[in-house]
Number of protein chains: 2
Amino acid sequence: MQQSVWRLQKYPTGIPTDKDIVLHQEPIPDLKEHEIKIKTLYISMDPANRLWIRREGSYIPPFPLGSIMPAITIGEVVESRHPRYQVGQKVQGIFGWQEYIIQHAGPLNEQLPLDNGGIVMIPEPEQGCDLIDNFGLFGVHGMTAYFGITDVGKAQAGDTVLVSAAAGAIGSLVVQIAKNMGCRVIGIAGGPKKCSRVVKEFGADACIDYKHEDIHFRLQELAPQGVNVYFDNVGGEILEAAIDNMARYGRIAFCGAISQYNGTTPASPKNYMQILYRELEVNGFLAFRYAEKMPEAVKVMKQWQSEGRLHMNIECHEGIENLLNVFTKLFISENQGKLVVKI
Amino acid sequence: MQQSVWRLQKYPTGIPTDKDIVLHQEPIPDLKEHEIKIKTLYISMDPANRLWIRREGSYIPPFPLGSIMPAITIGEVVESRHPRYQVGQKVQGIFGWQEYIIQHAGPLNEQLPLDNGGIVMIPEPEQGCDLIDNFGLFGVHGMTAYFGITDVGKAQAGDTVLVSAAAGAIGSLVVQIAKNMGCRVIGIAGGPKKCSRVVKEFGADACIDYKHEDIHFRLQELAPQGVNVYFDNVGGEILEAAIDNMARYGRIAFCGAISQYNGTTPASPKNYMQILYRELEVNGFLAFRYAEKMPEAVKVMKQWQSEGRLHMNIECHEGIENLLNVFTKLFISENQGKLVVKI
């Protein structure tokens, strides 16, 4: 039995190419005691994946050369030599770009969630939900958006909230959550098509097209009293424009900086001093910090979903051979929603 | 009647010179109805004064050219045409580099503290206190140090706290307050003399001499588990070294960036991305934000002072003609304590 596997050949400089991440055919090993075999169903394409393969490291050390290209995936157990897992069970984990995963599922009597090979069991989806919601609405994207705008950004009803990459997986959720909380929401996205969706589909009060409009001018026009919360997904010049338009005591929820992930020396905002001048709060955060509070957040998000006030737009592609092409869409702003590849 | 007055002639580039801030002899105008005449007793020399005369502005717009050089001063009413003020009353305000101030003291029935010409009445000093404590321990320096380490930095007993400019007016207070709160405290200062005082006089556990030691190496040695709270007074390369040595979830209380005040384009920390990677919180702040809570803080500080656990080292100079020379000491790290000029 052979399978397709993408491996990290060298650390990319710039947008990854097929010289950096290479498709191999490899044999699938036989199962050993306490191992399970997972058939990959969906692979999530996320900007953070690019951070994980930076030679310089990021919030984790870089994956070693030769590793399977890391990504969050959802799969189904197709063979099991571990009593905790039955064939047909759906699972999730950071398993990467491959068709089948052979994973040691930990000792038999182990209760700790992190000592089970990183395997997270997924319940069969409820009515109106989808398997993909496990890494969308109710997974890391949803939790990042929810806690980023509530706990980190401390948004209050009436606040002016600015969100970059507002048509993206996390940004589009931030727009909806902030609206549900009673905020005034301004999105930033690339091109008229995305901007139109940010307003009409996700409900923002306005959206700035950074490819065709002057962000500074538009921000002054749209937020003359200043921005209270900026949810930053992009970094770079858009971050600088946001800082220059923050209200006194404004909060910046620093979630990502996709404009900087492909560079070797990520840029810092030139107007860092404004953090002092305007008494801003800049908070870098990862959703994992809020693990204990997640069940409560999922409850709120499910309620909003059932009321038609929250949804995630999925752009689903197919075929393991297309992974790299789909992944690069993230960095040229070509995707029109959360990118997923069905295997 | 003539008096000495320093006026802002042009916005400085670099450390201010006598081409930028110029000493004049000017007549003292007669008092009009509701005005008072204040004789300057002490002038406080603070890094923030340099921010106030930046052409580019800062947290306030730049003082206009021709203004009296702004600074916090303490004085005594020597003539009054306002019933609220009697001769002999001590007052404080941002009145600047001059011997006498003629100030309109606001309408008679006005209760608002800010509509009285910026004049703050000072009680006669208690036993063991000094007039200068009004802009030292119990004034803007003390409040900045106190709220910066408590509310902004959220320091807890057992935390490792790092303070730059640790021999300076605010830094030396931060060291003592953090020690009083049960933290482990590492100072950074310039030269062995200052470093020795930071440890022996102010009680820090260690002090790094940035002029002669490798900050990165020393920080790794002194804080192998990382820094929980960094109280930043200096910005620049020291800030970068601090960021690279922060613990996960660390807080940076961004109080100032004296290394950048004389440049036209203040530098940003090159490792801004670490704010995300380490999930740091960077908070720019000014003490005024905590105005309502100040009386409580003063109470705590007075208690510490009476127990011998808090003091401010004053470096007092004399003579209005020496103001500019004394002021520039701040930027070449020559002062050995809070700089004050007695008039």
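Above: the structure in question.
Fair warning: this is a prediction, and the values are worked out from it, not measured in the lab.

Undergrad: Whenever I open this one, the packing of aromatic side chains confuses me. Can you help?
TA: Where two aromatic rings form a pair, the distance of their centres and the angle of their planes describe that pair. Summed over all chains, the structure comprises 18 aromatic pairs over all chains. Seen in terms of ring centroids, Trp6 of chain B and Trp97 of chain B are 5.7 Å apart; in terms of plane orientation they differ by 85°. Their pairing is edge-to-face. Of the two residues, Trp6 of chain B is situated in strand β1 (residues 2–8) and Trp97 of chain B in the loop between β5 (90–94) and β6 (100–104); the sequence distance between them amounts to 91 residues. As far as burial versus exposure is concerned, Trp6 of chain B and Trp97 of chain B are alike and both buried. Among the aromatic side chains, those forming a connected cluster through ring pairs are Trp6, Trp97, Phe327 and Phe331 of chain A. For the cation-ring pair, Lys37 of chain A lies above Tyr100 of chain A, with the distance from its terminal atom to the ring centre recorded as 5.3 Å. Against the face of Phe138 of chain A rests Lys302 of chain A, its NZ or CZ located 5.1 Å from the ring centre.

Undergrad: Mind showing me how you'd approach unusual backbone geometry here?
TA: The phi torsion of most residues other than glycine is negative, and most of the peptide bonds are trans. Despite not being glycine, Ser333 of chain A has its phi angle at roughly 60°, a positive value. In this structure, Ser333 of chain A sits in the loop between α9 (323–329) and β15 (338–342). At His34 of chain B, a position not held by glycine, the phi torsion is positive, near 70°. Within the fold, His34 of chain B resides in the loop between β2 (21–27) and β3 (35–44).

Undergrad: How do you make sense of the side chain of His82 of chain B when you look at a structure like this?
TA: You can see His82 of chain B is positioned in the loop between β4 (72–80) and β5. Classification of His82 of chain B as buried rests on a relative accessible area of 2%.

Undergrad: For this particular structure, what's the right way to read the interface of chain A and chain B?
TA: A common measure of how large an interface is: the accessible area buried when the components associate. Chain A puts 32 residues into the contact, and the matching count from chain B is 32 residues. Between chain A and chain B, a total of about 2800 Å² is buried, with carbon and sulfur atoms accounting for 63% of that surface. Considering only the side of chain A, the residues that lose the most area to chain B are Tyr272, Leu276 and Tyr277 of chain A, jointly responsible for 26% of the buried surface there. The partner of Arg289 of chain B in a salt bridge is Glu279 of chain A, and the shortest N-O contact between them spans 3.1 Å. Our enumeration of links across chain A and chain B arrives at 11 residue pairs in polar contact (both at pLDDT 80 or more).

Undergrad: Is there a simple way to explain the sheet that holds strand β11 (residues 227–232) of chain B in this structure?
TA: Pairing between sheet strands relies on hydrogen bonds along the backbone, with the strands arranged either parallel or antiparallel. Spatial ordering of the open sheet is given by β10(A)-β9(A)-β8(A)-β11(A)-β12(A)-β13(A)-β13(B)-β12(B)-β11(B)-β8(B)-β9(B)-β10(B), a layout of 12 strands whose pairing is mixed. Two strands bound the open sheet, and with one partner strand each, they are β10 (206–209) of chain A together with β10 (206–209) of chain B. Put simply, the sheet's adjacent strands are angled 15° from each other on average, direction ignored. Summarising the sheet, strand β8 (residues 160–163) of chain A and strand β11 (residues 227–232) of chain A pair through three bridges and their orientation is parallel. Each bridged residue has a counterpart across the sheet, and for Val161 of chain A the counterpart in β11 of chain A is Val229 of chain A.

Undergrad: What's the story with the relation of the copies chain A and chain B in this structure? I'm lost.
TA: For the match of chain A to chain B, the screw axis carries a shift of 0.0 Å, the RMSD comes to 0.0 Å, and the turn is 180°. Expressed as a symmetry operation, the mapping of one chain copy onto the other fits a two-fold axis. Distance from the rotation axis, computed per C-alpha, reaches its smallest value in chain A at Val282 of chain A: 2.5 Å.

Undergrad: Would you mind showing me how to read the packing of helix α2 (residues 140–152) of chain A against helix α3 (residues 169–180) of chain A here?
TA: The angle between the axes and the distance between the axes are what describe a pair of packed helices. Residue and element names in this part refer to chain A. Contact geometry of α2 with α3 gives a least axis separation of 9 Å together with a crossing angle of 45°. Classed by the angle they form, the pair α2 and α3 counts as oblique. Relative to α3, α2 is oriented so that their crossing is right-handed. Together, His141, Gly142, Thr144, Ala145, Tyr146 and Ile149 of α2 and Ala169, Ile170, Leu173, Val174, Ile177 and Ala178 of α3 make up the contact between the two elements. Residue composition of the contact of α2 with α3, by class: nine nonpolar, three polar and no charged.

Undergrad: Just checking my understanding: could you explain the packing of helix α5 (residues 215–222) of chain A against helix α6 (residues 236–243) of chain A for this structure?
TA: All names here are of chain A. Following both chains from N to C, one finds α5 and α6 inclined at 35°, their axes separated by 10 Å at the closest point. Crossing hand, α5 versus α6: right-handed. Residue-level contacts link Ile215, His216 and Leu219 of α5 to Ile238, Glu240, Ala241 and Ala242 of α6. Partitioned by chemical class, the residues of the contact of α5 with α6 number five nonpolar, one polar and one charged.

Reading the values: rules and limits
- Each chain carries its own residue numbering, running from 1 in the written order of its sequence.
- Key to labels: chains lettered from A, ligands numbered from 1, both in the order written.
- Given that the model is predicted, a residue must reach a pLDDT of at least 70 before its local features are reported, and side-chain atom pairs must reach 80 or more before they are shown or counted; all residues, however, enter totals for whole chains, interfaces and linings.
- No hydrogens and no water enter the side-chain calculation; it runs on all heavy atoms of the structure.
- Centres within 6.5 Å are what make two rings of Phe, Tyr or Trp a pair, Trp counting through its six-membered ring; a difference in plane orientation under 30 degrees is then read as stacked, over 60 as edge-to-face, and the rest as tilted.
- Only runs of H or I of at least four residues qualify as helices and only runs of E of at least two qualify as strands under DSSP, and these elements are numbered from the N terminus.
- Buried residues are those whose accessible area, probed at 1.4 Å on protein chains only, stays under 20% of the maximum for their type, while exposed residues exceed 50% and partly exposed ones sit between those limits.
- By definition here, charges over rings are those cases where NZ of Lys or CZ of Arg is within 6 Å of the ring centre and within 35 degrees of the ring normal.
- In this description, contact between two residues means that some pair of their heavy atoms is separated by no more than 4.5 Å.
- Here the buried area means the combined drop in accessible surface, using a 1.4 Å probe, for two parts upon being joined, counting both sides.
- The term salt bridge refers to a side-chain nitrogen of Lys or Arg lying within 4 Å of a carboxyl oxygen of Asp or Glu.
- Under the rule applied, a polar contact is a pair of N or O atoms within 3.5 Å (in protein, one hydrogen donor and one hydrogen acceptor; residues adjacent in sequence only if both atoms are side-chain atoms).
- For two strands to count as paired, DSSP must find a minimum of two bridges between them.
- Under this scheme, a helix contributes an axis fitted over its contacting stretch, all axes are lines through C-alpha atoms, and angles between N-to-C directions fall in the 0 to 180 degree range.
- When the copies are overlaid, the least-squares fit takes in C-alpha atoms only where the residue has pLDDT of at least 70 in both copies.
- Orientation is classified from the angle alone, with under 35 degrees giving roughly parallel, over 145 giving roughly antiparallel, 65 to 115 giving roughly perpendicular, and any other angle giving oblique.
- Should the near helix be turned anticlockwise from the far one by less than a right angle, the crossing is termed left-handed; should it be turned clockwise, right-handed.
- Three residue categories are used. Nonpolar comprises Ala, Val, Leu, Ile, Met, Phe, Trp, Tyr, Cys and Pro, charged comprises Asp, Glu, Lys and Arg, and polar comprises the others, including Gly.

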